[in-house]
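One-letter residues, chain by chain:
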Amino acid sequence: MTNDGQSAHRFSIGENLRFREHPSGLTVGQVATEHCVGEFFVQGAHVTRYQPKYESHPILFLSEESQFEPGKPIRGGIPICFPWFSAHPSDPSLPAHGWARISSWELVSSQRVEDDIQIEFQFFHEPFELGYIVRFGKMFRAGFSVTNTSAKLQSFELALHTYFQISDIASVRIEGDLRSCPFLDQLTANEFQPEYKAITFEKETDRIYEGKASEIRLIDSGWKRTIHINSEGSESTIVWNPWIEKSKRMKDFGDEEYLKMCCIETGNVRRRAVAIAPGETHTTSLKIRSY
Ligand code: TA6
């Protein structure tokens with residue numbers, strides 16, 4: 001188990017998984033298989049890159065302005081939001097989206113699984129034991145598990161806060177199970193019934209959809225591709241684009257980058273927060289593919 005660059009090397013797998021030290025001092029894992037390339041930071045168990053060989057554009061968005069500093073969040077890829085989502089409910093001094101994405105996780109194992117590369121991380125922070133398994137291949141898979149290590153009921157929020165790279169915000173729409181989910185508009189605190197139509201972006205959008213949405217499609221007419229997002233163990237989906245004014249306020253995000261990304265986040269937040277008994281484990285799994 002490791003959480004530093006030196007001992008990470010022992011998890012290397014030839015040319016398929018190599019580790020290097022980022023200029024910031026953070027440890028980066030680089031994946032290259034016959035089917036895809038990928039990248040992750042050990043800090044936050046943060047996947048920052050995934051691109052199948054058959055795709056001419058990355059699947060995940062990573063801001064060109066992102067900071068890479070110990071203890072700071074990376075802007076893009078798949079940040080792990082845990083054990084709370086967005087601002088802490090009572091202590092504004094605590095980091096937005098919780099401590100998981102800015103903590104130094106431990107590498108537990110790396111292995112070939114068929115033609116894929118699978119990496120397992122863990123992180124202990126009372127009263128939780130976290131496990132995160134990611135698998136890079138023709139598709140990307142992630143499994144996030146939370147175990148209650150205390151003697152009483154514990155509750156938490158979580159979100160795999162996935163940033164998708166797109167051709168242009170005007171060229172994408174979201175189809176699938178979200179059509180029939182009610183949602184909370186985080187910008188106005190208004191709640192809406194299901195709209196039964198595709199989701200498109202014409203302004204700042206920040207919505208928490210409530211209910212199982214196990215099949216979502218991000219359709220990009222500009223790049224003529226559809227990204228399929230399948231999940232289990234998730235009863236919240238957050239759809240976000242900061243648009244221009246919020247983009248300008250984010251120092252780790254380019255003013256125009258809102259044109260090239262949208263977030264479709266898989267988790268359990270607000271009324272769908274999770275409560276687990278002592279010794280109980282909850283798992284959320286995610287599959288991303290573009291074929
Ligand atoms: O997922 C939507 C959201 O909660 C937005 O409100 C915005 O704050 C975004 O997450 C990014 O949060 P971050 O703390 O990473 O800047």
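Caption draft 1: Layout of the overall build of the protein chain. When helices and strands are tallied, the protein chain shows 2 helices and 22 strands. Computed over C-alpha atoms, the radius of gyration of the protein chain comes to 18 Å, within 12% of the 19 Å expected from 2.2 N^0.38 for 291 residues, which places it in the range of a compact globule. Across its three principal axes, the protein chain shows a C-alpha extent of roughly 50 × 50 × 35 Å. Classification of the 291 residues of the protein chain by burial places 55% in the buried group. By sequence separation, contacts in the protein chain at least 24 residues apart represent 62% of the contacts at least 6 residues apart. Accessible surface, the protein chain: about 12,500 Å² in total, of which carbon and sulfur atoms supply 47%. Of the side-chain charges in the protein chain, 32 are positive and 39 negative, and the distance between the mean point of each set is 3 Å.

Caption draft 2: Just the packing of aromatic side chains, in detail. Tallied over the full model, the rule gives 24 aromatic pairs. Seen in terms of ring centroids, Phe183 and Tyr209 are 4.9 Å apart; in terms of plane orientation they differ by 40°. Their pairing is tilted. Residue Phe183 is located in strand β14 (residues 183–185), and its partner Tyr209 is located in strand β16 (residues 205–210); the two are separated by 26 residues in the primary sequence. Judged on exposure class, the residue Phe183 and its partner Tyr209 are both buried. Residue placement shows Arg289 over the ring face of Tyr291; its charged tip is 5.6 Å from the ring centre.

Caption draft 3: Broad picture of the pattern of salt bridges. Inspection of every chain in the model, using the stated rule, returns 18 salt bridges. Here Arg179 and Glu175 are joined by a salt bridge, their closest N and O atoms 2.6 Å apart. Glu175 sits in the buried class, given a relative accessible area of 12%. Of the charged contacts, one joins Glu235 and Arg272 as a salt bridge, the two residues approaching to 2.7 Å between their closest N and O atoms. Of this pair, Glu235 sits in the loop between β18 (225–232) and β19 (236–241) while Arg272 sits in the loop between β20 (261–268) and β21 (274–276); the two residues are 37 residues apart in sequence, bridging distant segments of the chain. A relative accessible area of 24% means that Glu235 is categorised as partly exposed. Take Arg272: its relative accessible area is 27%, and that puts it in the partly exposed class. A single network of salt bridges, built from pairs that share partners, joins Glu191, Glu210, Lys212, Glu235, Arg271 and Arg272.

Definitions and cut-offs
- Residues numbered from 1 in each chain as written.
- Predicted model: local features only at pLDDT ≥ 70, side-chain atom pairs only at ≥ 80, totals over all residues.
- Heavy atoms only, no water.
- Helix = DSSP H or I, 4+ residues; strand = E, 2+ residues; numbered from the N terminus.
- Rg over C-alpha atoms; globule rule 2.2 N^0.38 Å.
- Buried < 20%, exposed > 50% of the residue type's maximum accessible area, 1.4 Å probe, protein only.
- Contact = heavy atoms within 4.5 Å.
- Areas by Shrake-Rupley, 256 points an atom, 1.4 Å probe, with all protein chains shown as cover.
- Lys, Arg positive; Asp, Glu negative; His and termini not counted.
- Charge placed at Lys NZ, Arg CZ, Asp CG, Glu CD.
- Phe/Tyr/Trp six-rings, centres within 6.5 Å; stacked < 30°, edge-to-face > 60°.
- Lys NZ or Arg CZ within 6 Å of the ring centre and 35° of its normal.
- Salt bridge = Lys/Arg side-chain N within 4 Å of Asp/Glu carboxyl O.

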